[in-house]
Amino acid sequence: DVDKDGAISLEEFRAVVQHPKALTYFSALDLCIPEACELFEMLDNGDGSIHYDEFCTGVLRLKGQARTLDVVSIMRDNRLIMRMCAEMAEEVKGIRLRLSMGGTVIL
């Protein structure tokens, strides 16, 4: 975390994974660097960075029987879909309210 903001950017992460200690750490977790970079991108919520806890949780999810990037990818996609559904539900709620008050809705 070069800028001390509590999160690490993908650029910062890519710099870290070049160090021998990081390579040893990922090797101990049975995780190769391309998988780790892909995991980073999956855990990123779109702002280009993740917090340390989020990354560690994601890495631990890849251990054991759930060791597949597909599972983590599905979880990320599910979060995005749930967020989109919540936004659409709010829009529908507003439309219903306007219609119940005799208003019109332009889509």
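Look a little higher up for the structure.
The notes below deal with the structure included here. Quantities reported herein were computed from a predicted structural model and do not represent experimental measurements.

**Describing the overall build of the protein**
Then comes step 1: Assigned secondary structure in the protein consists of five helices and two strands.
Then comes step 2: The linear arrangement of helices and strands in the protein, starting from the amino end, is β-α-α-α-β-α-α.
Then comes step 3: The buried share among the 107 residues of the protein stands at 26%.
Then comes step 4: By sequence separation, contacts in the protein at least 24 residues apart represent 52% of the contacts at least 6 residues apart.
Then comes step 5: In the structure as shown, the protein presents an accessible area of about 7,800 Å², 60% of it carried by carbon and sulfur atoms.

**Section: the layout of surface pockets**
Then comes step 1: The calculated volume of the largest pocket comes to roughly 310 Å³.
Then comes step 2: Where the lining of the largest pocket is concerned, the elements lending two or more residues are β1 (7-9), α1 (10-16), α2 (20-28), β2 (49-51) and α4 (52-61).
Then comes step 3: Among the residues making up the lining of the largest pocket, the classes are represented as twelve nonpolar, two polar and one charged.
Then comes step 4: Counted as a void, the second largest pocket has a volume near 160 Å³.
Then comes step 5: If you list the elements that add at least two residues to the lining of the second largest pocket, you get α3 (33-43), α4 and α5 (69-100).
Then comes step 6: Taken together, the residues of the lining of the second largest pocket break down into three nonpolar, three polar and six charged.

**Description of the nonpolar core**
Then comes step 1: Membership of the largest hydrophobic core comes to 18 residues, with the highest contact counts inside it found for Phe13, Phe26, Phe40 and Phe55.
Then comes step 2: Listed by contribution, the elements that provide at least two residues to this core are α1, α2, α3 and α4.
Then comes step 3: Top contributing element to this core by residue count: α3, with six residues.

**Structural notes on α4**
Then comes step 1: Listed in full, the buried residues belonging to α4 are Phe55, Cys56, Gly58 and Val59. The buried residues of α4 occupy an angular sector of 160 degrees when the element is viewed end-on, so they sit on one face. In α4, the exposed residues that point more than 90 degrees away from the buried face are Asp53 and Leu60.

**Here we look at the side chain of serine 49**
Then comes step 1: Note on placement: serine 49 falls in strand β2.
Then comes step 2: Apart from residues lying up to four places away in sequence, serine 49 is in contact with Ala7, Ile8, Ser9, Phe40 and Asp44.

**Quick look at the side chain of glutamate 12**
Then comes step 1: Mapped onto the elements, glutamate 12 comes out in helix α1.
Then comes step 2: For glutamate 12, the contacting residues outside a window of four places in its chain are Asp1, Val2, Asp3 and Ala7.

Calculation notes
Residues numbered from 1 in each chain as written. Predicted model: local features only at pLDDT ≥ 70, side-chain atom pairs only at ≥ 80, totals over all residues. Heavy atoms only, no water. Helix = DSSP H or I, 4+ residues; strand = E, 2+ residues; numbered from the N terminus. Buried < 20%, exposed > 50% of the residue type's maximum accessible area, 1.4 Å probe, protein only. Contact = heavy atoms within 4.5 Å. Areas by Shrake-Rupley, 256 points an atom, 1.4 Å probe, with all protein chains shown as cover. 1 Å grid on protein atoms, 1.4 Å probe; cavity = no way out; pocket = protein on both sides within 12 Å on 5 of 7 lines; lining within 4 Å. Points joined across faces, edges and corners; volume = space filled by probe spheres on them. Nonpolar A, V, L, I, M, F, W, Y, C, P; charged D, E, K, R; others polar. Core = buried A, V, L, I, M, F, W, Y, C linked by side-chain atoms within 4.5 Å. Arc of directions from axis to C-beta.

Function cannot be read off these values alone, since they describe shape.
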